[in-house]
Amino acid sequence: MDSRTLPLETFGRRLLKGAETWADRSVLNGAVFEFVWFGLKQAWACLFGGALLGLILATYLFWPEDPVVSRCDFLVLGALGIQGLMLAFKLESWDEAKTIFLFHIAGTVMELFKTYHGSWVYPEDSLLRIGAVPLFSGFMYAAVGSYIARVQRVFHIGVKGYPPVWQTWVLAAAVYVNFFAHHWIWDFRYLLFAATAAVFWRGRFWFRTDRRRRSMPLLLGYFLVALFIWLAENLATFGRAWTYPDQSVGWHMVSVAKFGSWFLLMIVSVVLVSLVHKPKPEEAMRSVDQ
């Protein structure tokens, strides 16, 4: 990414150079530095999603009893405001904004179908909605796309053993169709789990937190991201952004079965992001880092 495009990230890299001097003083310093820096980079990658989740929780805790606008409508305006500020301050590239738009469309379509079939509900009234779906819901899917697009740039991710593109598209299409079709026919998610393992089991992604490049199996990376999305979903339902039928009486943690759904959604997410950010071979990324 051109340093002139995202100047705040360039400033951050300059600060990093000073911290690296401290990290070089001992092995322990180096380990602590890399661990902390990994967490900070992850937080930076999920900036859009983190800001949106923070807005959901803040409005749940502090929303006035007699508001001028409904909470859901405010969340729509807030999500648009976050997006606008990120672009205005060059915290996000236009390619990443395109990715968010793709996820917004795919997510809203799924929301319309799922709410119609009672999979979950949005308990609060609003004007900015399509049917039973407030427009802010699409931004929650977009937050996943934003993270996947940004994390590739923030961590300089390269891949080895990535499957052929046609296999990923077939798998992603099957996953997306199953989200709808299981309401009428069998739920094929266990076959889709097996197919995902078969397609991606050889793949590894490489990333750079500090100066060393490290690697991790693609499947493990997808698993960990899905886990954090599931945890974020628990916070969002606690903030009554939406509720599942078994949460109508009172909030409790979302079923672990939903974790499997998020893992499969990761496959759709990765393929959609590949439209804008094609997976980069590790050899090419190493040459850039050198």
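Presented here is an overview of the structure given in this document. Fair warning: this is a prediction, and the values are worked out from it, not measured in the lab.

Side note on the overall build of the chain
Line of reasoning, step 1. On a plain count of helices and strands, the chain comes out with eleven helices and five strands.
Line of reasoning, step 2. Here the C-alpha radius of gyration of the chain, 20 Å, is about what a compact globule of 290 residues would show, namely 19 Å.
Line of reasoning, step 3. C-alpha atoms of the chain, sized along the principal axes, occupy 55 × 45 × 35 Å.
Line of reasoning, step 4. Restricting to contacts in the chain with at least 6 residues of sequence separation, those with at least 24 account for 73%.
Line of reasoning, step 5. For the chain, the exposed area adds up to about 15400 Å²; of that, 71% sits on carbon and sulfur atoms.

Concerning the packing of helix α6 (residues 137-154) against helix α10 (residues 257-273)
Line of reasoning, step 1. Following both chains from N to C, one finds α6 and α10 inclined at 60°, their axes separated by 10 Å at the closest point. Between α6 and α10, the crossing angle belongs to the class labelled oblique. Between α6 and α10 the crossing geometry is right-handed. Along the contact surface, α6 presents Tyr141, Val144, Gly145, Ile148, Ala149 and Gln152, while α10 presents Trp262, Leu265, Met266, Ser269, Val270 and Val273.
Line of reasoning, step 2. Residue classes in the contact of α6 with α10 are distributed as nine nonpolar, three polar and no charged.

Observations concerning α10
Helical geometry: 3.6 residues make up each α-helical turn, so side chains three or four residues apart lie on a common side.
Line of reasoning, step 1. Between its first and last C-alpha, α10 extends 25 Å over 17 residues, near the 24 Å set by a 1.5 Å rise per residue.
Line of reasoning, step 2. For α10, the buried fraction is high: 15 of the 17 residues fall into the buried class.

A short note on the pairing of strand β4 (residues 204-208)
Line of reasoning, step 1. The buried fraction of β4 amounts to four of the five residues, a majority that puts the element mostly inside the structure.
Line of reasoning, step 2. The pairing of strand β3 (residues 158-160) with β4 spans three bridges and is classified as antiparallel. Note on β4: the bridge partner recorded for Val159 is Phe205.
Line of reasoning, step 3. The pairing of β4 with strand β5 (residues 213-217) spans five bridges and is classified as antiparallel. Counterpart to Phe207 in the pairing with β5 is Arg214.
Line of reasoning, step 4. Counting the residues in the hairpin turn of β4 and β5 gives four residues.

Structural notes on helix α5 (residues 94-116)
Line of reasoning, step 1. The first and last C-alpha atoms of α5 sit 33 Å apart over 23 residues, in line with the 33 Å expected at 1.5 Å per residue.
Line of reasoning, step 2. Looking one or two places after α5, you find Gly118, whose phi comes out positive at around 75°.

Brief notes about the environment of Pro217
Line of reasoning, step 1. Note on placement: Pro217 falls in strand β5.
Line of reasoning, step 2. For the pair Pro217 and Trp206, spaced eleven residues apart in sequence, the C-alpha to C-alpha distance is 8.8 Å.
Line of reasoning, step 3. Apart from residues lying up to four places away in sequence, Pro217 is in contact with Gly203, Arg204 and Phe205.

Examining the side chain of Asp73
Line of reasoning, step 1. Inspection of the secondary structure puts Asp73 in helix α4 (residues 71-88).
Line of reasoning, step 2. Put simply, Asp73 is tucked away with no salt bridge, and the nearest opposite charge, on Arg129, sits 6.6 Å away.
Line of reasoning, step 3. At 3.1 Å, the side chain of Asp73 and the side chain of Ser70 are in polar contact.
Line of reasoning, step 4. Among residues more than four places away in sequence, those in contact with Asp73 are Ser126, Leu127 and Leu128.

A look at the nonpolar core
Line of reasoning, step 1. Counting 67 residues, the largest nonpolar core has Phe48, Phe136, Tyr222 and Trp242 as the members making the most contacts within it.
Line of reasoning, step 2. Excluding anything up to four places from it in sequence, Tyr222 contacts Tyr162, Phe200, Phe263, Met266, Ile267 and Val270.

Concerning the sheet that holds β3
Line of reasoning, step 1. With antiparallel pairing, three strands are arranged side by side in an open sheet as β3-β4-β5. Only two strands of the sheet have a single neighbouring strand rather than two, namely β3 and β5. This sheet shows a mean twist of 30° between the axes of neighbouring strands, independent of strand direction.
Line of reasoning, step 2. On the sheet, helix α9 (residues 218-238) packs against β3, β4 and β5 and is oriented at approximately 85° with respect to β5.

Thresholds, definitions, all that
Residues numbered from 1 in each chain as written. Predicted model: local features only at pLDDT ≥ 70, side-chain atom pairs only at ≥ 80, totals over all residues. Heavy atoms only, no water. Helix = DSSP H or I, 4+ residues; strand = E, 2+ residues; numbered from the N terminus. Rg over C-alpha atoms; globule rule 2.2 N^0.38 Å. Contact = heavy atoms within 4.5 Å. Areas by Shrake-Rupley, 256 points an atom, 1.4 Å probe, with all protein chains shown as cover. Axes fitted to C-alpha atoms, helices over the stretch in contact; angles between N-to-C directions. Parallel < 35°, antiparallel > 145°, perpendicular 65-115°, else oblique. Left-handed = near helix turned anticlockwise from the far one by under 90°. Nonpolar A, V, L, I, M, F, W, Y, C, P; charged D, E, K, R; others polar. Expected span 1.5 Å × (residues − 1). Buried < 20%, exposed > 50% of the residue type's maximum accessible area, 1.4 Å probe, protein only. Pairing = 2+ DSSP bridges. Lys, Arg positive; Asp, Glu negative; His and termini not counted. Salt bridge = Lys/Arg side-chain N within 4 Å of Asp/Glu carboxyl O. Polar contact = N/O pair within 3.5 Å; in protein donor to acceptor, adjacent residues only side chain to side chain. Core = buried A, V, L, I, M, F, W, Y, C linked by side-chain atoms within 4.5 Å.

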